[in-house]
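Take a look at the letters that make up each chain.
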2 protein chains.
Amino acid sequence: MNLMFISNEDRADQWRDNLTALLPDLNFYVWPDDQAVDPATIDYVLAWKPAPGIIKRFPNLKAILSLGAGIDGITCDPELPIDKPLVHLVDRSLTQGMVQFALYWVLHFHRQMGTYQKFAEARTWRQLPQAEVDACRVGILGFGELGQAVGSALAAQHFDVAGWSRSPKQIAGITSYAGAEALPGFLGRSDMLICLLPLTPETEGIIDAALLAALPRGAIVINLARGRHLVDADLLAALDSGHLSAAVLDVFYNEPLAAEHPFWAHEKVTVTPHIAALTSPRSGADSVAANIERIERGETPLNLIDLARGY
Amino acid sequence: MNLMFISNEDRADQWRDNLTALLPDLNFYVWPDDQAVDPATIDYVLAWKPAPGIIKRFPNLKAILSLGAGIDGITCDPELPIDKPLVHLVDRSLTQGMVQFALYWVLHFHRQMGTYQKFAEARTWRQLPQAEVDACRVGILGFGELGQAVGSALAAQHFDVAGWSRSPKQIAGITSYAGAEALPGFLGRSDMLICLLPLTPETEGIIDAALLAALPRGAIVINLARGRHLVDADLLAALDSGHLSAAVLDVFYNEPLAAEHPFWAHEKVTVTPHIAALTSPRSGADSVAANIERIERGETPLNLIDLARGY
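Residues numbered from 1 in each chain as written. Chains lettered and ligands numbered in written order. Predicted model: local features only at pLDDT ≥ 70, side-chain atom pairs only at ≥ 80, totals over all residues. Heavy atoms only, no water.

Colleague: What is the right way to look at the environment of F252(A) in this model?
Modeller: In this fold, F252(A) is placed in the loop between β11 (244-249) and β12 (269-271). A residue is classified by how much of its surface remains accessible, and F252(A), at 5% relative accessible area, is buried. For the pair F252(A) and L230(A), spaced 22 residues apart in sequence, the C-alpha to C-alpha distance is 8.2 Å. Non-local contacts of F252(A), meaning those with residues more than four positions away in its chain, are made with G227(A), L257(A), F263(A), V271(A), T272(A) and W125(B). (Helix = DSSP H or I, 4+ residues; strand = E, 2+ residues; numbered from the N terminus. Buried < 20%, exposed > 50% of the residue type's maximum accessible area, 1.4 Å probe, protein only. Contact = heavy atoms within 4.5 Å.)

Dropping the structure here:
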């Protein structure tokens, strides 16, 4: 089989080493170094943010494989051939990273670690009343693969977890809210809101003034999905009015976040540089290789995207 | 039954409400307010750090119940009647708190959150290489009730966990090291060392220069047990030499930690005011009431202490 790797953000050498170790018959080509290869012989592209029009140059693709858990790095190509199977990456290492990052920040706020850090800087020995963990209500906005993994880990730590998604989900110990009509009820019980939605035309800008107003007073917003889910000015207004008590933002409308953006210096905002979860070529290659083997055997690939739905 | 509550650090009113709701026949007395009650009628003391000699005033005790997970707040009484059953508190809320606090700090260092905080203060967008979670070796020094709960939670998050205790333990997914001869091997593989030992004459001062020298270079020490496990000067020397990269200390030789203690200002030390895990009268009362019921039925109480062993 022949695979063309197309990404400026991922390490081609690491993906080559890991994938060819699993698939000895695979010829691993890298764009643009290997652009002299006959495009008709390429069976797979493994890509993130290819320049528009590149993917359609390969007429005989068996599948388009995203290097990301999302597919917005593929569907951003307006000339994408939509008749080809499109597969997103389910990487156990990425899932673990997202779970750990979410768990860390929920524990940070639940255990008042920021306040204790300030006490320590002032050499102040002071114990705060500690709320019971099962009184802390966490809401997972976007209850797919990653959202369910994060929700289950928080429920295992005894938080009161609910998830919101377009269609209902059955996850042990977690309340599932589904559809637009259930959104206000879900938001009204989310002391901490974690966004793990896919980015689609329907979810772009979803975290706006109206959504934030539906959260309980003092709520915390943690955005681990995409910067374009959030209306920056609406978040700042809700923090400044006192309606929200804090925000953790790992993703931004434009990345890297510009040095002059007000998020950096806002005392209620924590900025992290899109590091909640990173794809690992080691574990990611397991998932990509297993899917290529399925397709070669004539089976339907796992983690196939429904382009009509957008995720 | 008649119970005498003796503590300056716990809320008598909350314990009274929760215990008498579970045990309607219980007469709940509080020392010293109720010192006029005939001491011969008292069946139980529920205590933490009673003044020396108080417990022995009650000649007919069926058991001495500690308000702490440790019993050093009981055995500090040199006149303690050692012929009475002594029971330590296993409180699910305290266990959950300890697990969450340990998990938070392990994630903090594994995910380099302190460095990202400094980057954010400098408005610097920079992604660091991220080590795989299963390459991060955590060692639990003291592998009893709390140590096993912490270890299991970390193993569930894919950390490479080992536990050290006096006798071998069988816990799924965790390597058990037992006895003095196994200690060097355990320490040599502990990138992060979490102390959850009971305080006994054998464990007092155990975290000294020799123990710290046996850790890998760059190791992190997290003490959640008792301040007297640690030789403060040896820890500072190991941090200053660069052998250790960080320490989190929740417990201290003298509490509150004095404002002039060097731990407060040391850039590699995080001080928290003994808040890793707090006993909850709500959940703790469940455990105390169940044990009183066992004793009243003539059964052996759970969580009985072996005073010869010291835990």
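Colleague: How should I be thinking about unusual backbone geometry in this particular structure?
Modeller: Of all residues except glycine, most have a negative phi; of all peptide bonds, most are trans. The residue after W31(A), namely P32(A), is reached through a cis peptide bond having omega 5 degrees. Looking along the chain, the bond that leaves E255(A) and enters P256(A) is cis, with omega of -5 degrees. Note on placement: P256(A) falls in the loop between β11 and β12. Positive phi outside glycine occurs at H158(B), with the angle close to 80 degrees.

Colleague: Teacher, can you tell me more about the sheet that holds strand β5 (residues 86-87) of chain B here?
Modeller: Residue and element names in this part refer to chain B. Spatially, β2-β1-β3-β4-β5 is the arrangement adopted by the five strands of the open sheet, whose pairing is parallel. Every interior strand has two partners, whereas the edge strands, β2 (27-30) and β5, have only one. Sheet topology places strand β4 (residues 63-66) next to β5; two bridges connect them, and they run parallel. Within the sheet, the bridge partner assigned to L65 lies in β5 and is V87. Lying over the sheet, helix α1 (residues 12-22) contacts β1 (2-7), β2 and β3 (44-48), oriented at roughly 170 degrees with respect to β2. Where helix α9 (residues 281-296) meets the sheet, its contacts fall on β1, β3, β4 and β5, and the angle it forms with β3 comes to roughly 150 degrees. (Pairing = 2+ DSSP bridges. Axes fitted to C-alpha atoms, helices over the stretch in contact; angles between N-to-C directions.)

Colleague: Just checking my understanding: could you explain the interface of chain B and chain A for this structure?
Modeller: By a widely used convention, the size of an interface equals the accessible area lost when the partners come together. Between chain B and chain A, the contact holds 50 residues from the first and 50 residues from the second. Of the roughly 4,100 Å² buried where chain B meets chain A, counting both sides, 60% is carbon and sulfur surface. Looking at the side of chain B facing chain A, the largest losses of area belong to Y104(B), R123(B) and W125(B), adding up to 20% of the total buried there. If you look at where chain B meets chain A, you find four salt bridges. Between R282(B) and E132(A) there is a salt bridge, and its shortest N-O distance comes to 3.4 Å. Inspection of the chain B/chain A interface yields 25 residue pairs in polar contact (both at pLDDT 80 or more). Looking at the side of chain B that touches chain A, the elements that each hand over two or more residues are α3 (92-110) and α4 (113-121) of chain B. A total of twelve residues in the side of chain B that touches chain A trace back to one element, the largest contributor, which is α3(B). (Buried area = accessible area lost by both parts, 1.4 Å probe. Salt bridge = Lys/Arg side-chain N within 4 Å of Asp/Glu carboxyl O. Polar contact = N/O pair within 3.5 Å; in protein donor to acceptor, adjacent residues only side chain to side chain.)

Colleague: Would you explain the pairing of strand β6 (residues 137-141) of chain B in this entry?
Modeller: The side chains of a regular strand alternate between the sheet's two faces. All names here are of chain B. With respect to burial, β6 is a largely interior element, four of its five residues being buried. Relative to strand β7 (residues 160-165), β6 runs parallel, the two being bridged by five bridges. Within β7, the residue paired with V138 across the bridge is V161. Crossover handedness for the path β6 to helix α5 (residues 145-156) to β7: right-handed. As paired strands, β6 and strand β9 (residues 192-195) are joined by four bridges and run parallel to one another. When the bridges of β9 are listed, G139 appears paired with L193. (Right-handed = clockwise from strand over helix to strand, strands pointing away.)

Colleague: Looking at this model, I keep getting lost on the relation of the copies chain B and chain A. Mind explaining?
Modeller: Each of the two copies of the chain can be brought onto the other by a rotation about an axis and a shift along it. Least-squares fitting of chain B to chain A yields an RMSD of 0.0 Å, with the transformation described by 0.0 Å of translation along the axis and a rotation of 180 degrees. Such a combination of turn and shift is consistent with a two-fold rotation axis. Minimal C-alpha separation from the rotation axis in chain B is found for Y104(B), amounting to 2.8 Å. Comparing contact sets, 100% of the residues at the interface of chain B also lie at the interface in chain A, consistent with an isologous, same-surface contact. (Least-squares fit on C-alpha atoms with pLDDT ≥ 70 in both.)

Colleague: Sorry if this is basic, but what is going on with the sheet that holds strand β6 (residues 137-141) of chain A here?
Modeller: Strand-to-strand pairing in sheets goes through backbone hydrogen bonds, with the strands running parallel or antiparallel. Residue and element names in this part refer to chain A. The seven strands are arranged β8-β7-β6-β9-β10-β11-β12 in an open sheet whose pairing can be described as parallel. In this open sheet, the two edge strands, each paired with only one partner strand, are β8 (175-178) and β12. Taken pair by pair, the neighbouring strands of this sheet meet at an average axis angle of 15 degrees, ignoring direction. Here β11 pairs with β12 via three bridges, running parallel. Looking across to β12, one finds that A247 is bridged to V269. Sitting on the sheet, helix α8 (residues 232-240) touches β10 (219-223), β11 and β12, and the angle it makes with β11 is about 145 degrees.

Colleague: I tried to follow the pattern of salt bridges on my own but got confused; where do I start?
Modeller: Side chains carrying opposite charge are able to pair once their charged atoms draw close together. Applying the stated criterion to the full structure yields 26 salt bridges over all chains. As a salt-bridge pair, K49(A) and E9(A) come within 3.6 Å of each other at their nearest N and O atoms. Linking K49(A) in the loop between β3 (44-48) and β4 (63-66) with E9(A) in the loop between β1 (2-7) and α1 (12-22), this pair joins segments that are 40 residues apart in sequence. Given a relative accessible area of 47%, K49(A) falls into the partly exposed group. Residue R282(B) pairs with D134(A) through a salt bridge whose shortest N-O separation is 3.4 Å.

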